[in-house]
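These are the residues of each chain, in order.
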Amino acid sequence: MNDDTTADGTKVQLYRRRGRSLPVWGGSYDRLRASPFIPFYEDRIGPNAAFTVYSGHMSPGYLDEDVEAEYWHLRRQATLFDVPEHAIEFVGPDAARFLDHLMTRRIAPMKVGRCCYGIICYADGGILMDGVLVRLAEDRFRYVLADGEIFGWLKAHQPGFDVEIVDTEDWVLQVQGPRSFDVLAALCDGGAPDPFPYFSAARVTMAGEPLLATRTGWTSEMGFELYVPDDADHGALWDHLTGVGGRHGLRFAAMACMNVRRIEAGILNNGTDMSPSMTPYEAGLGRFVNLDKEGFIGREALLAADRRPRLVGLKAHDEIQAGMALMFDGQAVGRLTATAFSPYLGHHIAYALFERTGDWIGRQVTCGDKHVPGETLDLPFYDPEKLIPRGKANAQV
């Protein structure tokens, strides 16, 4: 790792390979940590490769691969992703009470071994952080952070609670796709955990390495995530994953194809698709707010908030790009935050963020200076009941 500086003076730590620095996409650069698995796919890093920075972690966003081919492999087989998720833990007798104070949904009733999606808001109802929360024990939770700063906020609200906040320093890998459970069974030294239902957690051993596995992911395909300790034998684990997993259709890819699938699935990225200027309702996440729970930060503001979304889906038949302005009835009304071409749907898709709440579903809009026609619709673009990741259905692909 070496220090470098961006054009605007931002200090960046870049992973260097053979005397050249790799371009980095977005994110926060403080205390940047590179993936420990980079050396094992270094030969895949082509001249146009770009790494992504997310929550202080850096991993491959694009490696000169055929993104559409990797998308179809994800949909039909299984794909290994090296992802920059950042896991922290809340440990102590008041861990559940502290999280109930921070989060918009009920946490105390969670069962050990279960996961849930959890949002933390500012007092004004704006979104500070989102992520997956895992209950590891009665007094221990793991929160997988999205991008953005949160540690100062947690420390500010910690007094009065008997809880410790721990940075795990684990690295996260994801295996996603319809054959992921065949891969899991082959990878686990003692066989796959059983049962292992959707949004659950289990301890497993792979190549002699004890790991935490969760049946979660960022693709809305069947799949699981692996939390790899900092002191693991990363090389032996990587060889095991790619060797044994490869015999069951598993192959490694950068996150570019994952990004297409997460947009199809309506999975949002904190800091780009949603921000502190938006409430969970405005982001279309109101179902994760339990207003009948007393005492959580932001509750009073959310009680009075407009329940209509500002962020909705958009489809277009011509090319669109993130950042394009949205026009409706001749007026600029918002912008596109994320875009992709969906090979499955056969057209371009996007998240459309409007400046104000309103009844935006089913509107005809135009995008950008070229006035590309688009139609707004509800999210996700398909499989709203999450039958695919639950293993109860699979789109015909």
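No experiment lies behind these values; they were computed from the predicted model shown.

### A short note on the overall build of the protein
Move 1: Each helix and strand counted, the protein has 8 helices and 25 strands in total.
Move 2: Here the protein has a C-alpha radius of gyration of 21 Å; the compact-globule value for 397 residues is 21 Å, and the two agree.
Move 3: Each of the three principal axes of the protein carries a C-alpha extent, and together these read 60 × 50 × 50 Å.
Move 4: When the 397 residues of the protein are sorted by exposure, 57% land in the buried category.
Move 5: Long-range pairs, those at least 24 residues apart, make up 66% of the contacts in the protein between residues at least 6 apart in sequence.
Move 6: The centroid of the 40 positive side-chain charges in the protein is displaced by 4 Å from the centroid of its 54 negative side-chain charges.

### Considerations on the environment of Glu 89
Move 1: Locating Glu 89 in the fold gives a position in strand 10 (residues 86–91).
Move 2: Glu 89 sits 55 residues away from Val 144 along the chain, and the two C-alpha atoms are 8.7 Å apart.
Move 3: Setting aside anything within four residues of it in sequence, one finds Glu 89 in contact with Leu 136, Arg 140, Phe 141, Arg 142, Glu 164, Ile 165, Val 166 and Thr 168.
Move 4: In terms of polar contacts, Glu 89 uses its side chain to reach the side chain of Arg 142, at 2.7 Å.

### Considerations on the confidence of the model for the protein
Move 1: Summarising the model, the protein shows a mean pLDDT of 92, and 91% of its residues fall at 70 or more.
Move 2: Segment residues 1–22: pLDDT under 50, and 43 contacts once partners within four positions in sequence are set aside and those in other chains are kept.
Move 3: pLDDT under 50 marks residues 24–30. Its contacts with residues more than four places away, or in other chains, come to 22 contacts.

### Here's the deal with the pattern of salt bridges
Move 1: Overall, the coordinates contain 20 salt bridges when judged by the stated rule.
Move 2: The residue Glu 221 makes a salt bridge to Arg 75 at a minimum N-O spacing of 2.4 Å. Of this pair, Glu 221 sits in the loop between strand 17 (209–214) and strand 18 (223–228) while Arg 75 sits in helix 1 (residues 67–76); the two residues are 146 residues apart in sequence, bridging distant segments of the chain. Of the two residues, Glu 221 and Arg 75, neither departs from the other in class, the shared state being buried.
Move 3: In this structure, a network of salt bridges that share partners links the residues Arg 75, Glu 221, Arg 261 and Glu 264.

### Structural notes on the environment of His 234
Move 1: Looking at the element boundaries, His 234 is found in helix 5 (residues 234–246).
Move 2: Taking the C-alpha atoms as reference, His 234 lies 11 Å from Asp 170; in sequence the two are 64 residues apart.
Move 3: Not counting residues within four places of it along the chain, the set of residues in contact with His 234 comprises Pro 36, Phe 37, Phe 40, Val 228 and Pro 229.

### Here's the deal with the packing of helix 1 against helix 6 (residues 256–264)
Move 1: The N-to-C vectors of helix 1 and helix 6 enclose an angle of 60°; their axes lie 8 Å apart at closest approach. Classed by the angle they form, the pair helix 1 and helix 6 counts as oblique. The two elements helix 1 and helix 6 cross, and the hand of that crossing is right-handed. Of the residues in helix 6, those touching helix 1 at Val 67, Glu 70, Tyr 71, Leu 74 and Arg 75 are Ala 256, Cys 257, Val 260, Arg 261 and Glu 264.

### So, the state of the cysteines
Move 1: By the definition in use, this model includes 0 disulfides.
Move 2: Between Cys 116, a cysteine without a disulfide, and Cys 115, which holds the nearest cysteine sulfur, the sulfur-to-sulfur distance is 8.0 Å.

### Considering helix 5
Move 1: With 13 residues, helix 5 should reach 18 Å at 1.5 Å per residue; the first-to-last C-alpha distance of 17 Å fits that figure.
Move 2: Those residues of helix 5 that sit buried are His 234, Gly 235, Leu 237, Trp 238, His 240, Leu 241, Val 244 and Gly 245.

### Focus on the nonpolar core
Move 1: Ranked by internal contacts, the top residues of the largest apolar core, which has 48 residues, are Met 274 and Leu 285.
Move 2: Elements that contribute at least two residues to this core include exactly helix 1, strand 9 (78–83), strand 11 (115–121), strand 12 (127–137), helix 6, strand 22 (331–342) and strand 23 (347–354).
Move 3: Among all residues touching Met 274, those that are not within four sequence positions of it are Tyr 117, Ile 127, Asp 130, Leu 268, Asn 269, Ala 283 and Leu 285.
Move 4: The next biggest cluster of nonpolar side chains, apart from the first, holds 37 residues, and it includes Val 175, Val 183, Val 204 and Leu 241.

### Digging into the side chain of Thr 168
Move 1: Looking at the secondary structure, you find Thr 168 in the loop between strand 14 (164–167) and strand 15 (171–176).
Move 2: With sequence-adjacent residues up to four places away left out, Thr 168 is seen in contact with Ala 87, Ile 88, Glu 89 and Arg 142.

### Notes on unusual backbone geometry
Excluding glycine, a negative phi dihedral is what most residues carry, and trans is how most peptide bonds are arranged.
Move 1: The peptide bond linking Asp 194 to Pro 195 adopts the cis configuration, its omega dihedral lying at 5°.
Move 2: Counting through the fold element by element, Pro 195 comes out in the loop between helix 4 (180–187) and strand 16 (201–206).
Move 3: In this structure, Pro 380 follows Leu 379 across a cis peptide bond, with omega equal to 0°.
Move 4: Unlike most non-glycine residues, Ser 220 shows phi in positive territory, near 60°.
Move 5: Checked against the element boundaries, Ser 220 lands in the loop between strand 17 and strand 18.

Cut-offs and rules
- Residues numbered from 1 in each chain as written.
- Predicted model: local features only at pLDDT ≥ 70, side-chain atom pairs only at ≥ 80, totals over all residues.
- Heavy atoms only, no water.
- Helix = DSSP H or I, 4+ residues; strand = E, 2+ residues; numbered from the N terminus.
- Rg over C-alpha atoms; globule rule 2.2 N^0.38 Å.
- Buried < 20%, exposed > 50% of the residue type's maximum accessible area, 1.4 Å probe, protein only.
- Contact = heavy atoms within 4.5 Å.
- Lys, Arg positive; Asp, Glu negative; His and termini not counted.
- Charge placed at Lys NZ, Arg CZ, Asp CG, Glu CD.
- Polar contact = N/O pair within 3.5 Å; in protein donor to acceptor, adjacent residues only side chain to side chain.
- pLDDT = per-residue confidence, 0-100.
- Salt bridge = Lys/Arg side-chain N within 4 Å of Asp/Glu carboxyl O.
- Axes fitted to C-alpha atoms, helices over the stretch in contact; angles between N-to-C directions.
- Parallel < 35°, antiparallel > 145°, perpendicular 65-115°, else oblique.
- Left-handed = near helix turned anticlockwise from the far one by under 90°.
- Disulfide = S-S within 2.5 Å.
- Expected span 1.5 Å × (residues − 1).
- Core = buried A, V, L, I, M, F, W, Y, C linked by side-chain atoms within 4.5 Å.

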